[in-house]
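# Observations on the model geometry
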Amino acid sequence: MPKSSKKKKEKVADFSKAKLKLGKGKQLPSNVVDTSFKARSIALPTQSIAIEKDTTIPTTRKKQSFDDLISLMKHYNANTRKDTILSFRELFESHPGMVESSMTTLLGACVRLIGDEDAGVRKTLLSFLSWLLPLISKEDLIPHVPLLVLFTTSAQTHIFPEIRIDAVRFLDLFLELVPESVVGGWIEGNPGHGRRVLEGYLGILSAGTKYGGTEGAVQATSTASVVLSPQSKFVVLKSLSTFLAHVVSRQLRSSSNATSNPDTPAVSLPTWFLASSFLSARTFSAYELLLQSQSVDVRPQLDAEHSHDDFICMPDFVTGSSATAWSLNDLSGLSLAHTESLIRPNSNSSSLIHLARTLYSTLLASYLDCAPVVFSPSANPPEAELNLLTVTARIMRTLYGSILQNRFSVSLAEEEILCDELRTLLGYMTGYFPFRPARRDIKVEHAFQDLNVIYCELTALLVLVSFRRQLGDISRKTRSQTPRLSASSSQVKHEGKLALQAGLVRTYVTRLLLGEDNSSAQISRPLIPTMYTALLPTIWALLNQPKESHMRTQDEAHSHTVLSATLDHAIRTTSSSAVKVLTVEFVARILLLETETDYCGHFDVRNTGEQEKFQEWILHLPRTLWEMGPHNLAASEVIFCLAYYHFATHRPCSRRSSDHCYVSSSVAPS
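### Structural notes on the overall build of the protein
The helix and strand tally for the protein stands at 27 helices and zero strands. Counting all 670 residues of the protein, 49% fall into the buried class. Sequence-distant contacts in the protein: of pairs separated by 6 or more residues, those separated by 24 or more amount to 75%. For the protein, the exposed surface amounts to about 34500 Å²; the carbon and sulfur share of it is 54%.

### Quick word on the nonpolar core
Note on soluble globular proteins: their nonpolar side chains tend to be buried together. Residues F92, F128, F243, W540, F603 and W617 are the most contacted members of the largest nonpolar core, which totals 170 residues. Here this core takes 16 residues from helix α18 (residues 442-471), the largest share from any one element. With sequence-adjacent residues up to four places away left out, F92 is seen in contact with F66, M98, V99, S102, L106, F128, W131 and L132.

### Some points on helix α23 (residues 580-592)
Look at α23: 18 Å from first C-alpha to last across 13 residues, which is about the 18 Å you get at 1.5 Å a residue. Counting buried positions along α23 gives 13 out of 13 residues, so the element sits mostly inside the fold.

### Regarding unusual backbone geometry
What is expected of a backbone is that most residues other than glycine have negative phi and most peptide bonds are trans. Across the junction of F433 and P434, the peptide omega takes the value -5 degrees, indicating a cis bond. Mapping P434 onto the fold places it in the loop between α17 (412-430) and α18.

### Regarding the pattern of salt bridges
Under the defined criterion, the tally for this structure stands at 16 salt bridges. Across the pair R397 and E457 runs a salt bridge, and its minimum N-O distance is 2.8 Å. A residue pair is termed long-range when its members are at least 10 positions apart, and R397 in helix α16 (residues 383-404) and E457 in helix α18 qualify at 60 residues. Neither residue differs from the other here; R397 and E457 are each classed as buried.

### Focus: helix α8 (residues 145-156)
Spanning 12 residues, α8 covers 16 Å between terminal C-alpha atoms, matching the ideal 16 Å at 1.5 Å per step. Those residues of α8 that fall on the buried side of the exposure criterion are V145, L148, V149, T152, T153, A155 and Q156. In a view along the axis of α8, the buried residues occupy a sector of 155 degrees, so they form one face of it. Turning to α8, the residues buried within the fold contact α5 (103-110), α7 (138-141), α9 (161-177), α10 (179-183) and α11 (194-205).

### Thoughts on the packing of aromatic side chains
Tallied over the full model, the rule gives 18 aromatic pairs. Each residue in the set F375, Y432, F433, F435, F448, Y455 and Y508 is aromatic and connected to the rest through ring pairs, giving one cluster. Sitting over the face of the ring of Y287, R589 holds its NZ or CZ atom 5.3 Å from the ring centroid.

### Details of the environment of L504
With respect to the element layout, L504 can be found in helix α20 (residues 489-513). In this structure L504 comes out as partly exposed when scored by relative accessible area, which is 29%. Between the C-alpha atom of L504 and that of T430, which follows or precedes it by 74 residues, the distance is 8.7 Å. Residues in contact with L504, not counting those within four places in the same chain, are T430 and F433.

### Some remarks on the packing of α9 against α11
Taken N-terminus to C-terminus, the directions of α9 and α11 make an angle of 145 degrees; their axes are 11 Å apart at the nearest point. Considering only the axes of α9 and α11, their crossing is left-handed. Note on element contacts: α11 touches α9 through V197, Y201 and I204, opposite R164, I165, V168, L171 and L175. In terms of residue class, the contact of α9 with α11 is made up of seven nonpolar, no polar and one charged.

### Some words on the environment of K74
Inspection of the secondary structure puts K74 in the loop between α2 (66-72) and α3 (78-94). Classification of K74 by relative accessible area gives exposed; the value is 71%. Sequence separation of K74 and A109 is 35 residues, and the distance between their C-alpha atoms is 8.3 Å.

### Section: the confidence of the model for the protein
Residues with a pLDDT of 70 or more make up 72% of the protein, whose mean pLDDT is 76. For residues 295-345, every residue scores under 50 in pLDDT, and the model assigns this stretch 109 contacts once sequence neighbours within four places are set aside.

### Quick look at the environment of A109
Assignment of secondary structure puts A109 in helix α5. Residue A109 is classed as buried on the basis of its relative accessible area of 15%.

Parameters at a glance
Residues numbered from 1 in each chain as written. Predicted model: local features only at pLDDT ≥ 70, side-chain atom pairs only at ≥ 80, totals over all residues. Heavy atoms only, no water. Helix = DSSP H or I, 4+ residues; strand = E, 2+ residues; numbered from the N terminus. Buried < 20%, exposed > 50% of the residue type's maximum accessible area, 1.4 Å probe, protein only. Contact = heavy atoms within 4.5 Å. Areas by Shrake-Rupley, 256 points an atom, 1.4 Å probe, with all protein chains shown as cover. Core = buried A, V, L, I, M, F, W, Y, C linked by side-chain atoms within 4.5 Å. Expected span 1.5 Å × (residues − 1). Salt bridge = Lys/Arg side-chain N within 4 Å of Asp/Glu carboxyl O. Arc of directions from axis to C-beta. Phe/Tyr/Trp six-rings, centres within 6.5 Å; stacked < 30°, edge-to-face > 60°. Lys NZ or Arg CZ within 6 Å of the ring centre and 35° of its normal. Axes fitted to C-alpha atoms, helices over the stretch in contact; angles between N-to-C directions. Left-handed = near helix turned anticlockwise from the far one by under 90°. Nonpolar A, V, L, I, M, F, W, Y, C, P; charged D, E, K, R; others polar. pLDDT = per-residue confidence, 0-100.

Right, here's the structure in full:
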């Protein structure tokens, strides 16, 4: 039988040679053994037995030194970077002496993480710097501020919106510790990084970043296309509000050589709203010094050689500085900026005007977005929208208040534009005023009360500007170049709206001074110093209404009602209250107006019909003086100054012999 073909093929395969093909290597036999190997080196320099470790170097619980931690700040893993920051705090808490010597190296490594893409790293870094930077003296920290601000402003323009918002939080920390270094240079041409910080704010808000000049339309050049949530927008606007507050404060310090006095109250009494009622800035400055603390070496004296003259000689004012002491109110309730010492327009005012016009649309949009939700009559507002609307109102007060209250810092055309913008903003707020929460909540009630006070301040600002124009006491170069137009229908309409707003404010302020709370609370709360100080421009605007005016209401006794409520509140306030010294000084100042020959306001103490109330207030001063004792020297000094000027001045109309005898016998030691 022939062999099968299968066996033939197997026999041939055993002795056949495999053909080599191009591009393919030689095939290995099936029983080959792989003898190849690989070798790698492992470097352990820190674990070498040949190197002796220095046991005196401070380390963490993980045996990491400062140099080890610095090297880990650049680690590719986000958790490692975050743990490194926490290790730095552990190291410095155990060895606080290392903080000062390692500050330059540490901050140089930390600033690169301000714009880190991991949110946990940024949050941990912010917490660490919030703990570390307050431990450093201000003198040692200032040299490092340019580096910190440089990386922070770079993060403000990051492509990711979360990093931009966190950069604003870092700015809040720097504004709290070294505000002068952050704000400095916010005007073009001045040294500092403030301009870059401001442009970063505007870029995040999409409000425009071009500041080539102070004239012309604002150019919006921001590339931020992401719509901010109410929470994020609140973070930005709150930081911007703090920035602007420090800008105004810096402007005050640059224009006034203020001297500090430890006996002055924590909240100083503003007097800028009285400036338009004097014929000149010089006489107003002299009036300001009447009740100034005697620790400042400016003491008005009667001229002995001309005792028959009906004026007070003030040689210190003529030969010395006319600066007055001032202190800025708390940032959560900043009142209208005290800029009465500014008598000439400058670059600061021009920049503030341009900034106000730039932010106008942003502020208006923020208010219109939040108002329907915040002022809903059916439910209390969400916290985010309420905070956003409150900080928007504070920015309005800071910007428009610091500009419009100074009659020399703005031209007539610019004043008209700013007043129109402010009228528009107040017009949208008027429909909800006075602001009341739907349900009783302490936190919401405080926020609404702040909004009510801000509305009163802004309305008083428009009233004072209107009266200032009617008095014709505006000395600007542009006034002679721009003829004043006759009253038009639009002007009459504006005055009618302002009269309505002033009437609403009058009712609110009167009830507030009388202790009749406008909210749903059963027990009214006493006024705090910052709130009382913020209400003073409003009170004066209502008291100083002219008899012949478009804003005159049907009842001419309205101003007397405000005056009566003011005097009742001044008498009712206890001597231990922090508001007492403010009430004493304010009432004393309006009493002393009749002793000023250059006073030209409409308010006249002799024609108010409240002489009995004034007499009651004067007669309660001795009791107040004895109750305060040595605990409030500033208020005691104001009372003695008032007694001196009110009774010693050569004006028969202002001297009451019975009051004089009672006060003299009450304050004299027995």
